Amino acid sequence: MATDKKNGKAEQELMEKIRNGFMVESEEDMTPDYKKSLITQLTVQADTELMSAPAYYLASKDAPTINSRIAVTAIIHDELGHANIAYRIMEDLGVDKHWLVYGRKPHEFKHPYGFDQPLENWAEMVVANGFFDRAGICLLGDVLENTSYGPLKRSLVKVDREEILHLRHGESWMKRLSKAGGEAKELLQRAVDWMFPMTIEWFGLPDELKHHSGQLDYRLKGQTNDQLRQTWMDATVPLCEKIGIKVPAHYDKEKGDYILDYPFPCQYNPDEKRWLFDEPLTWDQVFKRWKARGPMNKTYAEMVQGDLDSIFGGRLW
Amino acid sequence: MVTENQVWQALKAVNDPEYPLSIVDLGIIYKVEVLHAIVAIEMTFTAMGCPAIDMILLDVDEEVRKISGVKNVDIEIVWSPPWTRDRITPAGREILQYYGVGV
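Residues numbered from 1 in each chain as written. Chains lettered and ligands numbered in written order. Predicted model: local features only at pLDDT ≥ 70, side-chain atom pairs only at ≥ 80, totals over all residues.

With respect to the overall build of chain B
From N to C terminus, chain B includes 4 helices and 3 strands. The order of helices and strands in chain B, counted from the N terminus, is α-α-β-β-α-β-α. For chain B, the C-alpha radius of gyration of 14 Å lies close to 13 Å, the compact-globule estimate for 103 residues. Here the C-alpha coordinates of chain B stretch approximately 40 × 25 × 20 Å along the principal axes. Out of the 103 residues belonging to chain B, those deemed buried represent 29%. Excluding contacts between residues fewer than 6 apart, the proportion of contacts in chain B whose partners are at least 24 apart in sequence is 66%. (Helix = DSSP H or I, 4+ residues; strand = E, 2+ residues; numbered from the N terminus. Rg over C-alpha atoms; globule rule 2.2 N^0.38 Å. Buried ≥ 20, exposed ≤ 12 C-beta atoms within 10 Å, placed from the backbone. Contact = placed C-beta atoms within 7 Å.)

A word on the interface of chain A and chain B
Every contact between the two is made by 16 residues of chain A and, on the other side, 12 residues of chain B. Of all the elements in the fold, those that place two or more residues in the side of chain A that touches chain B are α3 (66-91) and α6 (150-180) of chain A. Considering each element in turn, the side of chain A that touches chain B owes the most residues, 9 residues, to α6 of chain A. Partitioning the side of chain A that touches chain B into residue classes produces 7 nonpolar, 5 polar and 4 charged. (Nonpolar A, V, L, I, M, F, W, Y, C, P; charged D, E, K, R; others polar.)

A few points about the sheet that holds strand β2 (residues 38-43) of chain B
By way of backbone hydrogen bonds, the strands of a sheet pair with one another, either parallel or antiparallel. All names here are of chain B. Strand order in this open sheet of 3 strands is β1-β2-β3, and the pairing throughout is mixed. Edge positions in the open sheet fall to β1 (29-35) and β3 (72-77), since each of these has one partner strand only. With strand direction ignored, the average angle separating the axes of adjacent strands in the sheet is 15 degrees. Sheet analysis places β2 next to β3, joined by 6 bridges and oriented parallel. Within β3, the position partnered with glutamate 42 by the bridge is glutamate 76. Against the sheet, helix α1 (residues 4-12) contacts β1 and β2, and its axis sits at roughly 135 degrees relative to β1. Strands in contact with helix α3 (residues 53-65) are β2 and β3; relative to β3, the strand with the most contacts, it is inclined by about 150 degrees. (Pairing = 2+ DSSP bridges. Axes fitted to C-alpha atoms, helices over the stretch in contact; angles between N-to-C directions.)

A word on the confidence of the model for chain B
Per-residue confidence for chain B averages 95 on the pLDDT scale, and 100% of its residues sit at or above 70. Scored as a complex, the prediction yields pTM 0.90 and ipTM 0.77. (pLDDT = per-residue confidence, 0-100.)

Remarks on the pairing of β2 of chain B
Residue and element names in this part refer to chain B. Burial along β2 is one-sided: the residues Val39, Ile41 and Met43 are buried and none of Ile38, Ala40 and Glu42 is. As paired strands, β1 and β2 are joined by 6 bridges and run antiparallel to one another. Following the sheet pairing, lysine 31 is matched in β2 by glutamate 42. Here β1 folds back onto β2, and the loop between the two strands holds 2 residues, one of which, histidine 36, carries a positive phi near 55 degrees.

A word on unusual backbone geometry
Excluding glycine, residues mostly have negative phi values, and the peptide bonds linking residues are mostly trans. The omega torsion of the bond from phenylalanine 264 of chain A to proline 265 of chain A falls at 0 degrees, within 30 degrees of zero and hence cis. As for its position among the elements, proline 265 of chain A is in the loop between β2 (257-260) and β3 (266-269). Cis rather than trans, the peptide bond between serine 80 of chain B and proline 81 of chain B has omega equal to -5 degrees. With respect to the element layout, proline 81 of chain B can be found in the loop between β3 and α4 (90-98). Positioned with a positive phi, arginine 219 of chain A is a non-glycine residue whose angle comes to about 50 degrees. Checked against the element boundaries, arginine 219 of chain A lands in the loop between α8 (214-217) and α9 (225-242). Classification of arginine 219 of chain A as partly exposed rests on a count of 19 C-beta atoms within 10 Å. A positive phi angle is found at arginine 293 of chain A, which is not glycine, with a value near 65 degrees. Relative to the helices and strands, arginine 293 of chain A is located in the loop between α10 (283-292) and α11 (297-305).

Pasting the structure below:
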């Protein structure tokens, strides 16, 4: 009996078909392992969109103009819609959408550690749009281009366009804050100081340590973690340099790659919002930090779930 | 001497922040006037609660100021006549349809 599913005949056949351009359209086309990988990926995607909403909502209170407040609330609306799309696709695969949102404990959501952090001023809000939404575009743009799952590919066309609006909002305000100078620029720099390494870490384990990826074998995505990290820096580093904001990375012409100017990964102090460049970590230690979740995890989950046991609570409906 | 045509060309370089069509093709520019070094633009948005108002205004200002001789850009936002989908040009319609937006 085959014990290793990935070495099973059906798995190998599906991978071969996918390599030849086959698009998976329904559950009948899948193997159990393909389905499992797809659901894991969709859960991360949906949870990330979902948890951005409470983070952005709290920060939107700091919006300096009525138009920018409208912009952030519209972005929140988009993010909830994107989460709904991914949960809805999982529903077609037999996963209970309502349970995913209302049935899980805060620490069981699969969003990145970055969305466990408080966004405490307008600079942090717009850097979140400029950095985190850019990460979203890198990740989802890659899925849109490469995924072997048809329903997901089609659903991402509109998601991708909307994320570009969020990014434009972030970058446009980053330019404005930098141009304004003074305290606005200082706060922008401070936001970048903790949010740049936060996004770098977001892309996960380096390729040299990641020996196997079901997501790549099944073409659920196309680029590796390191490639995605480079794609992100390729957009972000020049933007910051252009507006006079320092980032702990530089372009190495000979290697043709962006190089980080600090030990990666390293420790983070969430209370001070400061990366401890003198405290390198192993990835096991990073996973432990992620698993313990960050300071806003419970608050954000409660904002999304509401009072579960009240008359209008998610448990009853 | 700045011409109206130059201003329209500059506005064609300003894209909607979400979909890759220009705000001219989107049909939100109502009027362009040039008085010496001052450019007056009358424009609207697709909705009063449009999230991209600030971004588009900044882009319009930036692009029009790139025209040599322009000293000031005066943008007036109007809501009458209201924008409707009929104002989208055929070229703009094609782009939106590609992205699955019904027009």
